[in-house]
Amino acid sequence: MNAVDLTLWIAAGSFIAGLLGSLTGLGGGVVIVPLLTLVFHVDIHYAIGASLVSVIATSSGAAAAYLREGYSNMRVGMFLEVATTFGALSGAFLAARVPVSAIAIIFGALLLYSAWTSARQPHEAVHPSGPDALGTRLKMDGNYPVMGELREYHVRRVPLGFGLMYIAGLLSGLLGIGSGAVKVLAMDQAMGIPFKVSTTTSNFMIGVTAAASAGVYLRRGYIDPGLAMPVMLGVLAGALLGARLLPSARVKTLRIVFSLVIAAIGVQMIAKGMMHGF
C-alpha cells in the first residue's frame, strides 16, 4: 500500500470514528487509537498523539453546532473543565512512565467499560425533578429542546461529578482519548443531566481536555503531522455530520451498535497488550 492509499484509508476510518464519537459523546479517540495500532500498526504513542489532535477537531466541529441548537450547557462544561484539565496534565506526564503494553491493557479495559455503559441504558434516565442547592447556587440549571419545546432540568451532585471529571481527564491524557464515556456517565448518571445535554456538553469539553495533554505529547515529538492531518480531517468531517444527525438519531440503536464494536476492539487491545505490547 502506497502513501496516498494509506492516507485515504486512515482518513476514511477517522471519518467513521468522528461520526460515532460525535453522536455518542464518547469522542473519536475511542476508535482512532485501536484503528491506528491494530489495523495500521502505528506505534501507540504516535497513535495517541494523532488521536489527541483529532479529539480537538471533534470538539471544534461539533460543539459550535450543538451550542447553536441549544443542547450544550456551557456553564457546566466550563466548571467541570477545571477538573478534567488538571487530570489531563497528570495523565500526559504519566504516559511516558507507563509501559506501552500496560497502556494497551488499560485502554482495552476502558473500551469494555465504555461498551457496557453505552449499552446498559438505551433510554434516557428519569432524574429527580427538584433543584439541588449547590447546582442552583452555581446557576447550572438549564433547558434543552424536545419536540419543538424547551424542557428544563436541574444539575445535581456537583462535587461527585467534579471528582469523576478529574478521572476522565487523567484517562484522556494517558490514553489520548476524549474519555467521553466517563464524562457522559458523570453528567447523565451522577449529576442528573439529560443524555443529549450530557453528550453535547461532553463534545465541547473533550477538546479542552485534549488540548491540555496534546502540548505534552507535542513537546515529546509524538505528534506526526503526516499522520495527524488525515486523522484530524476525517474526524472533523464525521463530527460535523454527526452534529446534524443527532437531533433525529435513534439513541437506543446507536448505543447498541457502538457498544458491540468497541467491545470487540477492547478485547483485541487487551489480548495484544498481554501477549506482546506494540
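Above: the structure in question.
Residues numbered from 1 in each chain as written. Predicted model: local features only at pLDDT ≥ 70, side-chain atom pairs only at ≥ 80, totals over all residues. Heavy atoms only, no water.

S.K.: For this particular structure, what's the right way to read the overall build of the chain?
M.R.: Per the secondary structure count, the chain includes 11 helices and 2 strands. Each helix and strand of the chain, ordered N terminal to C terminal, gives the series α-α-α-α-α-α-β-β-α-α-α-α-α. Expressed as a percentage of the 278 residues in the chain, the buried residues total 54%. Taking contacts inside the chain between residues at least 6 apart in sequence as the whole, the part at least 24 apart equals 81%. Surface exposure of the chain reaches about 11900 Å², of which carbon and sulfur atoms provide 68%. (Helix = DSSP H or I, 4+ residues; strand = E, 2+ residues; numbered from the N terminus. Buried < 20%, exposed > 50% of the residue type's maximum accessible area, 1.4 Å probe, protein only. Contact = heavy atoms within 4.5 Å. Areas by Shrake-Rupley, 256 points an atom, 1.4 Å probe, with all protein chains shown as cover.)

S.K.: Just checking my understanding: could you explain the pairing of strand 1 (residues 142-146) for this structure?
M.R.: Remark: a regular strand shows side chains that alternate across the two faces of the sheet. For strand 1 and strand 2 (residues 149-153), the ladder comprises 5 bridges, and the chain directions are antiparallel. In the sheet register, Tyr144 faces strand 2, and the bridge partner there is Arg151. Once strand 1 ends, the chain turns through 2 residues before running back antiparallel as strand 2, passing Met147 with a positive phi of about 55°. (Pairing = 2+ DSSP bridges.)

S.K.: So what exactly am I meant to see when it comes to the environment of Ala83 here?
M.R.: Along the chain, Ala83 turns up in helix 4 (residues 74-95). Sequence separation between Ala83 and Gly163 is 80 residues; the distance between their C-alpha atoms is 7.2 Å. Contacts of Ala83, omitting those with residues within four sequence positions, involve Phe162, Met165 and Tyr166.

S.K.: How should the side chain of Ser198 be read in this particular structure?
M.R.: Looking at the secondary structure, you find Ser198 in helix 9 (residues 195-219). By relative accessible area, Ser198 is classed as buried at 0%. Dropping the residues within four chain positions of it, Ser198 is found in contact with Val184, Met187, Asp188 and Ile193.

S.K.: What is the right way to look at helix 10 (residues 225-245) in this model?
M.R.: The α-helix advances 3.6 residues per turn, and as a result positions three or four apart in sequence lie on the same side. With 21 residues, helix 10 extends 30 Å from end C-alpha to end C-alpha; this agrees with the ideal 30 Å at 1.5 Å per step. Those residues of helix 10 that fall on the buried side of the exposure criterion are Leu227, Ala228, Pro230, Val231, Gly234, Val235, Gly238, Ala239, Gly242 and Ala243. The N-cap of helix 10, judged by a side-chain oxygen 3.1 Å from the amide nitrogen of Gly226 a few residues on, is Asp224. (Expected span 1.5 Å × (residues − 1). Polar contact = N/O pair within 3.5 Å; in protein donor to acceptor, adjacent residues only side chain to side chain.)

S.K.: Sorry, what's going on with the packing of helix 4 against helix 9 here?
M.R.: When two helices pack together, their arrangement is given by the angle between their axes and by how far apart the axes lie. Two numbers describe how helix 4 lies on helix 9: the axes approach to 8 Å, and their chain directions differ by 30°. The orientation of helix 4 relative to helix 9 falls into the category roughly parallel. Where helix 4 crosses over helix 9, the handedness of that crossing is right-handed. Of helix 9, the residues touching helix 4 (which contributes Met74, Gly77, Met78, Leu80, Glu81, Thr84, Thr85, Ala88, Leu89, Ala92, Phe93 and Ala95) are Thr201, Phe204, Met205, Ile206, Val208, Thr209, Ala212, Ser213, Val216, Tyr217 and Arg219. (Axes fitted to C-alpha atoms, helices over the stretch in contact; angles between N-to-C directions. Parallel < 35°, antiparallel > 145°, perpendicular 65-115°, else oblique. Left-handed = near helix turned anticlockwise from the far one by under 90°.)

S.K.: Would you explain the packing of aromatic side chains in this entry?
M.R.: Between two aromatic rings, the relevant description is the distance of the centres plus the angle of the planes. Tallied over the full model, the rule gives 4 aromatic pairs. Look at Tyr46 and Tyr222: their rings are 5.6 Å apart centre to centre, the planes differ by 90°, and that puts the pair in the edge-to-face class. With Tyr46 in helix 3 (residues 44-69) and Tyr222 in the loop between helix 9 and helix 10, the pair connects residues that are 176 residues apart, well separated along the chain. Members of the aromatic cluster, each reached through a chain of ring pairs, are Tyr46, Tyr217 and Tyr222. (Phe/Tyr/Trp six-rings, centres within 6.5 Å; stacked < 30°, edge-to-face > 60°.)

S.K.: When you look at unusual backbone geometry in this model, what are you seeing that I'm missing?
M.R.: With glycine set apart, most residues show a phi of negative sign, and most peptide bonds adopt trans. Look at Lys139: it is not a glycine, yet its phi comes out positive at around 60°. On the secondary structure map, Lys139 appears in the loop between helix 6 (133-137) and strand 1. Positive phi values are uncommon outside glycine, yet Arg157 reaches one of about 45°.

S.K.: Looking at this structure, how should I read the nonpolar core?
M.R.: Side chains of a nonpolar character, in soluble globular proteins, are inclined to be buried together. Of all hydrophobic cores here, the largest spans 44 residues; its most connected members are Leu36, Ile48, Leu111, Leu175, Tyr217 and Val231. Not counting chain neighbours up to four residues away, the residues in contact with Tyr217 comprise His45, Ile48, Gly49, Leu52, Ala92, Ala95, Gly173, Leu174, Tyr222 and Ile223. Among the nonpolar cores identified, the runner-up in size contains 18 residues, and Val76, Val158, Ile193 and Met205 belong to it. (Core = buried A, V, L, I, M, F, W, Y, C linked by side-chain atoms within 4.5 Å.)

S.K.: Would you mind going over the packing of helix 4 against helix 7 (residues 158-175) with me for this structure?
M.R.: Where helix 4 meets helix 7, the closest approach of the two axes is 6 Å, and the angle between their N-to-C directions is 30°. Like other packed secondary-structure pairs, helix 4 and helix 7 cross with a definite hand, here right-handed.

S.K.: I tried to follow helix 7 on my own but got confused; where do I start?
M.R.: Here helix 7 contains 18 residues, and its C-alpha end-to-end distance of 26 Å stays within 8% of the 26 Å for a straight helix at 1.5 Å per residue. Among the residues making up helix 7, those that are buried are Val158, Gly161, Met165, Ala168, Gly169, Leu171, Ser172, Gly173, Leu174 and Leu175.

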